[in-house]
Amino acid sequence: MHKTWWKILGSVLVIYTAIAGLLLGVPRLPILNETIRNLYFHVPMWFAMIVLFSISVFYSVKSLSTKSEIDDIKAVESVNAGIVFGLLGLVTGAIWAKFTWGQFWSFDPKQNFAAISILLYFAYLILRNAIDEEQKRAKISAIYNIFAFPMMVVLLFVLPRLKDSLHPGNGGNPGFNSYDLDSRMRMVFYPACLGWILIGYWVYTIRFRIRSIENKQQHN
C-alpha cells in the first residue's frame, strides 16, 4: 500500500477533476464562457509533460557519468511518456482554439512554438533509432536531450511572449488572474495539475518496467 498510495491519489484526483470540472460553476467570461473548463485538462497536460521531460534530462545527465543502461532507459521512457502528454496538450489546445478563436490551428506563435517543442523530442527518438551501437546511442542521445530541454523551455515560455499572441499570458494578452480563477476553479485546477502529473509519472514507470523486461529477455 505504501508503494501505491500516489497512484491511488493520482487516479482519485483525475476522476475528481473530470466530475467537478464539468459540474461545478465557472466564471462567465466573454468569449470563453463554458470553454474555460478546458483549463482543467489543457494546462495540466503541459505541466505533466514538463515534469516528465525534467525527469528525462536528469537521467540523461546521470547516464553520462554512470554509463548505466538503466539510466538511459529511464531517460528515453520518460520522453516517450512526456510526448504523449505534449500531444494531448496540443489536441486539447486546438479544440479550445476552435471554440474561442474560430479554428483549430491559427498559426498563433504559442501554437507554433509548442508544436516545434514536441518535434524536438520526436527528433530525439529518431536520433536514438538511427544509432545501433548501445553506448554510442546512449551518449549522443543524452547530450542531445540535455540541450533539447532548455530549448523547449525557451520555445514554450520565452519566445511566445515576444510576439503578438491570442494565447492568454503571451504577447501582451493577459493570462488568467486571481479574478478569473475564482475559488471554485482553484478547487479543481490545482488538484487537476497534481493528478495528471502523478498519472504521467505512473505511465512512465509502467513503460520503464516493460522496457526493462524486454531488455532482460533480449540479453538472455
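All figures in this text were calculated on a predicted structure; none of them were measured in a lab. (Residues numbered from 1 in each chain as written. Predicted model: local features only at pLDDT ≥ 70, side-chain atom pairs only at ≥ 80, totals over all residues. Heavy atoms only, no water.)

(A) Layout of the overall build of the protein chain. When its secondary structure is counted, the protein chain shows six helices and zero strands. Scaling as 2.2 N^0.38, a compact globule of 220 residues should have a C-alpha radius of gyration of about 17 Å, and the protein chain matches this with 19 Å. A total of 220 residues make up the protein chain; the buried ones form 47% of that total. Here the analysis covers contacts within the protein chain between residues at least 6 apart in sequence; of these, 74% occur between residues at least 24 apart. Per element, the accessible surface of the protein chain, about 11900 Å² overall, is 69% carbon and sulfur. Here the protein chain holds 21 positive side-chain charges and 13 negative ones, and the gap between their average locations is 4 Å. (Helix = DSSP H or I, 4+ residues; strand = E, 2+ residues; numbered from the N terminus. Rg over C-alpha atoms; globule rule 2.2 N^0.38 Å. Buried < 20%, exposed > 50% of the residue type's maximum accessible area, 1.4 Å probe, protein only. Contact = heavy atoms within 4.5 Å. Areas by Shrake-Rupley, 256 points an atom, 1.4 Å probe, with all protein chains shown as cover. Lys, Arg positive; Asp, Glu negative; His and termini not counted. Charge placed at Lys NZ, Arg CZ, Asp CG, Glu CD.)

(B) Looking closely at the UniProt feature "domain: Cytochrome c assembly protein" (unreviewed entry) in the protein chain. Mapped onto this numbering, the UniProt entry gives "domain: Cytochrome c assembly protein" (unreviewed entry) at residues 35-159. Within residues 35-159, the helical portion is 86% and the strand portion 0%, while the C-alpha atoms at the span's ends are 26 Å from each other. (UniProt positions renumbered as here; feature names shortened; annotations may be inferred.)

(C) Region of the structure containing unusual backbone geometry. We note that Lys67 has phi near 60°; this positive angle belongs to a residue other than glycine. With respect to the helices and strands, the residue Lys67 is situated in the loop between α2 (39-66) and α3 (69-100). The class of Lys67 is exposed, set by a relative accessible area of 62%. Within the chain, Phe107 stands out as a residue other than glycine whose phi angle is a positive 60°. Its place among the elements puts Phe107 in the loop between α3 and α4 (109-130).

(D) Representation of the pattern of salt bridges within the structure. Inspection of every chain in the model, using the stated rule, returns five salt bridges. A salt bridge links Arg128 to Asp72; the nearest nitrogen and oxygen atoms lie 2.9 Å apart. Highlighted residues: Arg128 in helix α4 and Asp72 in helix α3, separated in sequence by 56 residues. Of the two residues examined, Arg128 and Asp72, each falls in the buried class. One continuous salt-bridge network, built from bridges that share partners, spans Glu77, Arg207 and Arg211. (Salt bridge = Lys/Arg side-chain N within 4 Å of Asp/Glu carboxyl O.)

(E) Just the UniProt feature "transmembrane region" (unreviewed entry) in the protein chain, in detail. The positions UniProt marks with the feature "transmembrane region" (unreviewed entry) are residues 7-27, 39-61, 82-101, 113-131, 143-162 and 188-206. Helix makes up 100% of residues 39-61 and strand 0%, and the two end C-alpha atoms of the span are 33 Å apart. Taken end to end, residues 188-206 comprises 100% helix and 0% strand; its first and last C-alpha atoms sit 27 Å apart.

(F) Seen up close, a nonpolar patch on the surface. Where nonpolar side chains cluster on the molecular surface, the patch consists of Ile15, Ile19, Leu22 and Leu23 and spans about 450 Å² of accessible area. Here Ile19 is to be found in helix α1 (residues 5-23). (Patch = residues over 30% accessible without salt bridge, like charges linked within 9 Å, V, L, I, M, F, W, Y side chains within 5 Å.)

(G) Representation of the packing of aromatic side chains within the structure. Inspection of every chain in the model, using the stated rule, returns seven aromatic pairs. Here Phe85 and Trp196 contribute two aromatic rings whose centre-to-centre distance is 6.5 Å and whose plane-to-plane angle is 65°, an arrangement assigned as edge-to-face. Separated by 111 residues along the polypeptide, Phe85 in helix α3 and Trp196 in helix α6 (residues 183-219) bring together distant segments of the chain. Grouping residues by exposure puts Phe85 and Trp196 together as buried. If you follow Lys74 out to its NZ or CZ, it ends over the ring of Phe208, 5.5 Å from the centre. (Phe/Tyr/Trp six-rings, centres within 6.5 Å; stacked < 30°, edge-to-face > 60°. Lys NZ or Arg CZ within 6 Å of the ring centre and 35° of its normal.)

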